[in-house]
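Examination of the molecular architecture
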Number of protein chains: 2
Amino acid sequence: MRALRPVGDRITMEHGAGGGAMRALIEQIFADGLGDVASGGIGLAAMDDGAVLPVGDDRWLVITTDSHVIQPIFFPGGDIGRLSVSGTVNDLAMMGATEPLALTCATILEDGFRRDDLERIWRSIRATCGEAGTTVVTGDTKVMRHGELDGIVLNTTGIALTDRFVGDAGLRPGDRILVTGTVGDHGLAIMATRNELALETALCSDVGPINGLVRALLDAAGPGGVAAMKDPTRGGVSSALHEMAAKSKVGVVIDEQAVPLRDEVRAVGELLGIDPLLAANEGKAVLGVRPDVADAVLAAARAHPLGRDAAIIGVCVTERPGAVVLDTGFGRRLLGEATGELLPRIC
Amino acid sequence: MRALRPVGDRITMEHGAGGGAMRALIEQIFADGLGDVASGGIGLAAMDDGAVLPVGDDRWLVITTDSHVIQPIFFPGGDIGRLSVSGTVNDLAMMGATEPLALTCATILEDGFRRDDLERIWRSIRATCGEAGTTVVTGDTKVMRHGELDGIVLNTTGIALTDRFVGDAGLRPGDRILVTGTVGDHGLAIMATRNELALETALCSDVGPINGLVRALLDAAGPGGVAAMKDPTRGGVSSALHEMAAKSKVGVVIDEQAVPLRDEVRAVGELLGIDPLLAANEGKAVLGVRPDVADAVLAAARAHPLGRDAAIIGVCVTERPGAVVLDTGFGRRLLGEATGELLPRIC
């Protein structure tokens, strides 16, 4: 398995891109020396998107946190408020906690930020909470001087209780890889907006809470049927698969033809030189599913309004643990990970 | 009681200063239309520094969140890491939850931030967690381009379980106001540093976790003995008292001579024109205590290493509900609240 490069003397955009450089930063600086949580919980050392704390017999408290720095703050299909709530609700759902108990939301504003923009963002936060069946219970407000912060940054933290925890390290050879819908919609919509291509295309972010869909998939899979889950946000499906493969010590082979892709995403991706497999999604999940329940889970996904384009796109193998291989139909190549400045402030 | 001014068309520094403008922002935009939490919990609508969710018989899950934008990030007595952990641990303690279960820590960095500074901050985070008896269990990392963010911003969210919840709205006439130590140390230390007075003075921030001290005070007070608690951070003791008085619908009279104050804080406060009662503290608590247990709580505070300078500084009265009156020894005047640009990025 590839060793992570040491973090250099300075933080760079790459450390925020969701790939190997970010994992190196977390391992070498943030998680270093932090103990794992007591009595069987899962903490920062496990490098999942959230933590799991035991709270009684077969009951777990899941907690996850995200800061949101997206630019522009309003974009086709959503805004920073919807993104924040969805990102946190989906992170909880990825750990098997599909009923969020509560969210916190901390706001940092630049002096001079428009009141009506702030109201629009908070209306969106409330509406998205409604869709996900949760609410913001506490917050915090800071203001930085003009020029010290570009506009607005939100942090959302979510908590939930669950009795069916799912991690991101449970893949075994033979497990099928399922994606719940089209790939790269959010990332390409943002990049198209920044490049002023948005009006010419029908590109739209997929941002939204998918805890209801995930609940249906877990129900269909039955206990242990979903081996691992991850939401392919920054770094896209590729980074999600790299992380799942590395932690599970399996290889993953993806059938490129099977990856669901909107025509406009493919077109804008080619125009901008961005591989949709490396572009962010904000309303999708990648699942590793045991082979005997894969068809049932796929059927359940397609029966749900948010999973109509779901597809099985790959399989886990013994060979090349940690690697993600793309079968293009003409041959096989290693799928790379997002690096550097590819998509700054995408979420 | 004073009505809050409407938020104008633009956010200003005042909305981050911890006083009435910030409460107006929270009431008029953030909490507007958000329901309270289910089944007897306390959410954003209660405007406390955290939320309380019922989790079983007489057991509460407390959650609180804070973003930290302090500048400079290293200062006499602490740094942004120690501040983040202490701020969150202390917010939990103020609600009666003195055993933090876990913290999250989300980091936003400016491209080019120094690795060794980041390591120093995280060493401080770990050490402060150790003092408070907790750990960081999950996080998040974002990087913004050079010039989009001034250095580093941290968000910490904390959760804890408690069976003795304390709010900030329980004051009754006759209750005594107790402060656990000297006032204004953090705010004046930061302002002295910014004004390059730090080397000439012994000023030092009081930043640190005080959950152990608070536990001792709650034990000494017995059930219901502590009527309300608040940590006097942004806006200082004055804003904490204004908020407690307004929510409890009592007046508060403070005996200025009784307020514990370091000589150097007094001196630098006079030099810079900053009232220490309006300056931030990061290792202190303001308590409203029932009169029959006030002496016992004061004795318990003074017996604790972090409470040696504790004092009873005032009393709650029926007159002028929501007002904070300062008895100077020569006469009485209304104590103002922090406004505007007084202390930007103080925490």
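Structure report, in brief. Since the model is a prediction, treat every value here as computed from it, not as a measurement.

Each partner contributes to the interface: chain B provides 76 residues, whereas chain A provides 76 residues. Considering only the side of chain B, the residues that lose the most area to chain A are Ile11(B), Phe30(B) and Arg115(B), jointly responsible for 10% of the buried surface there. One can count 25 residue pairs in polar contact (both at pLDDT 80 or more) joining chain B with chain A. Going through the elements one at a time, helix H1 (20-30), strand S1 (50-54), strand S2 (60-68), strand S5 (100-110), helix H3 (115-132), strand S6 (136-144) and strand S7 (152-162) of chain B are the ones with two or more residues in the side of chain B that touches chain A. No other element matches S6(B), which puts nine residues into the side of chain B that touches chain A. Its residues assigned to classes, the side of chain B that touches chain A comprises 34 nonpolar, 23 polar and 19 charged.

The five strands lie next to each other as S1-S2-S7-S5-S6 (chain B), forming an open sheet whose pairing is mixed. Pairing within the sheet leaves two strands with one partner each, and these edge strands are S1 and S6 of chain B. With direction set aside, neighbouring strand axes in the sheet form an average angle of 15 degrees. Two elements, S1(B) and S2(B), share five bridges in a ladder whose sense is antiparallel. Bridge pairing links Pro54(B) to Trp60(B) in S2(B). This element, helix H1 (residues 20-30) of chain A, spans S5 and S6 of chain B of the sheet and lies at about 130 degrees to S6(B).

Our focus in this paragraph is the pairing of strand S2 (residues 60-68) of chain A. Residues and elements named next belong to chain A. Extensive coverage of S2 is indicated by the burial of eight of its nine residues. Linking strand S1 (residues 50-54) back to S2 in an antiparallel pair, the connection comprises five residues, with Gly56 at a positive phi of about 105 degrees. In the sheet, S2 pairs with strand S7 (residues 152-162) via nine bridges, with the strands oriented antiparallel. Residue pairing in the sheet places Thr64 in a bridge with Gly158 of S7.

For the rest of this paragraph, the subject is the side chain of Ser124(A). Residue and element names in this part refer to chain A. Following the sequence through the fold, Ser124 ends up in helix H3 (residues 115-132). Classification of Ser124 by relative accessible area gives buried; the value is 11%. When near neighbours in sequence (up to four residues on either side) are disregarded, Ser124 contacts Asp79, Gly81 and Arg82.

Moving on: the pattern of salt bridges. Per the stated rule, a full pass over the model turns up 42 salt bridges over all chains. Where Glu148(A) meets Arg145(A), a salt bridge forms, and the shortest distance between an N and an O atom there is 2.9 Å. Between Asp117(B) and Arg114(B) there is a salt bridge, with the nearest N and O atoms lying 3.9 Å from each other. Residues joined in a network through salt bridges with shared partners are Arg145(A), Glu148(A), Asp150(B) and Arg345(B).

Looking now at H3(A). All names here are of chain A. Here H3 spans 26 Å end to end across 18 residues, near enough to the 26 Å set by a 1.5 Å rise per residue. Residues of H3 that are buried include every one of Arg115, Asp117, Leu118, Ile121, Trp122, Ser124, Ile125, Arg126, Thr128, Cys129 and Ala132, and no others. Of the residues flanking the end of H3, it is Gly133, one or two places downstream, whose phi is positive at about 75 degrees.

Rules of the game
- Residues numbered from 1 in each chain as written.
- Chains lettered and ligands numbered in written order.
- Predicted model: local features only at pLDDT ≥ 70, side-chain atom pairs only at ≥ 80, totals over all residues.
- Heavy atoms only, no water.
- Contact = heavy atoms within 4.5 Å.
- Buried area = accessible area lost by both parts, 1.4 Å probe.
- Polar contact = N/O pair within 3.5 Å; in protein donor to acceptor, adjacent residues only side chain to side chain.
- Helix = DSSP H or I, 4+ residues; strand = E, 2+ residues; numbered from the N terminus.
- Nonpolar A, V, L, I, M, F, W, Y, C, P; charged D, E, K, R; others polar.
- Pairing = 2+ DSSP bridges.
- Axes fitted to C-alpha atoms, helices over the stretch in contact; angles between N-to-C directions.
- Buried < 20%, exposed > 50% of the residue type's maximum accessible area, 1.4 Å probe, protein only.
- Salt bridge = Lys/Arg side-chain N within 4 Å of Asp/Glu carboxyl O.
- Expected span 1.5 Å × (residues − 1).

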